[in-house]
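Structural features, examined
In case you want the letters, here they are:
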Amino acid sequence: MSDPGRPGEPDGPGGGRLRPTSPAALTAAIVVGLVAGWLARPVTIAWLGSAPVVTWVQPVLLGLLALVVGVTARHTHAALQVRHEPMEAHRAVNRLAFGRASAYVGALVGAGYAGYALSWLGLNAELAGQRMLWSGLAALAGVGVVACGLLLERACRVPGDDADA
């Protein structure tokens, strides 16, 4: 006998359909990231004696991730929505998982950098301005990762999907 509570089963609560990324889950990732980023400065100072230095590398890498996810979203949208090309199921699921994971990771990491930047506000410490600048840019790049991840997830929808499915 099947368990109706298991996701993915036709008689379960999901009805065998994948739902879009949950705004509540994204919000939870943002809150966790903000708190972790805010706590990173005092915790690392207490344990290691200094706070982590953020350089240009972090926002550039997050920006490159956003670019990769965005290009994938554009190609997927063009193939499925514009040209109506068939796509193998495993490719579609991989792209959907990539988009969803990108949205969650972008929210968590971007908010972490935002929290870290906010933790330096009002402090007259060495490199505080530099840490706020690069952390803020990394947070903006994280927003780009979230946006591109959600676009990729949306591009994976097939015609005939419900608007809320």
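Right above here is the structure, for reference.
All residue numbers refer to positions counted from 1 along the written sequence of the respective chain. In keeping with the model being predicted, local features are shown solely for residues with a pLDDT of at least 70 and side-chain atom pairs are shown and tallied solely at 80 or more, while totals for entire chains, interfaces and linings include all residues. Just so you know, side-chain values use all the structure's heavy atoms and leave hydrogens and water out.

Axis angles are defined between N-to-C directions and span 0 to 180 degrees, where every axis is a line fitted to C-alpha atoms and, for a helix, only to the segment in contact. Strands are runs of DSSP state E lasting at least 2 residues, helices are runs of H or I lasting at least 4, and numbering of each runs from the N terminus. Contact geometry for helix α1 (residues 23-48) and helix α3 (residues 89-119): axes closest at 6 Å, N-to-C directions at 35 degrees. Handedness of the crossing formed by α1 with α3: right-handed. Only A103, Y104, A107, L108, A111, G112, A114, G115, Y116, L118 and S119 of α3 make contact with α1, whose side of the interface consists of A25, L26, A29, I30, V32, G33, L34, G37, W38, A40 and R41. The nonpolar class holds Ala, Val, Leu, Ile, Met, Phe, Trp, Tyr, Cys and Pro. Asp, Glu, Lys and Arg form the charged class, and all remaining residues, Gly among them, are polar. A class-by-class count of the residues in the contact of α1 with α3 yields 16 nonpolar, five polar and one charged. Left-handed describes a crossing whose near helix is turned anticlockwise from the far helix through less than a right angle; right-handed describes the clockwise counterpart. Residues count as neighbours in contact if any of their non-hydrogen atoms are within 4.5 Å of one another.

A separate point is unusual backbone geometry. In this structure, H84 takes a positive phi of about 55 degrees despite not being glycine. In this fold, H84 is placed in the loop between α2 (57-82) and α3. Looking at H84, the relative accessible area reads 54%, which means it is exposed. Phi is positive for L127, which is not a glycine, with a value near 65 degrees. Checked against the element boundaries, L127 lands in the loop between α3 and α4 (128-155). Its relative accessible area of 36% is what places L127 among the partly exposed residues. When accessible area is computed with a 1.4 Å probe and restricted to protein chains, residues below 20% of their type maximum are described as buried, those above 50% as exposed, and intermediate ones as partly exposed.

These values are about where atoms sit, not about what they do.
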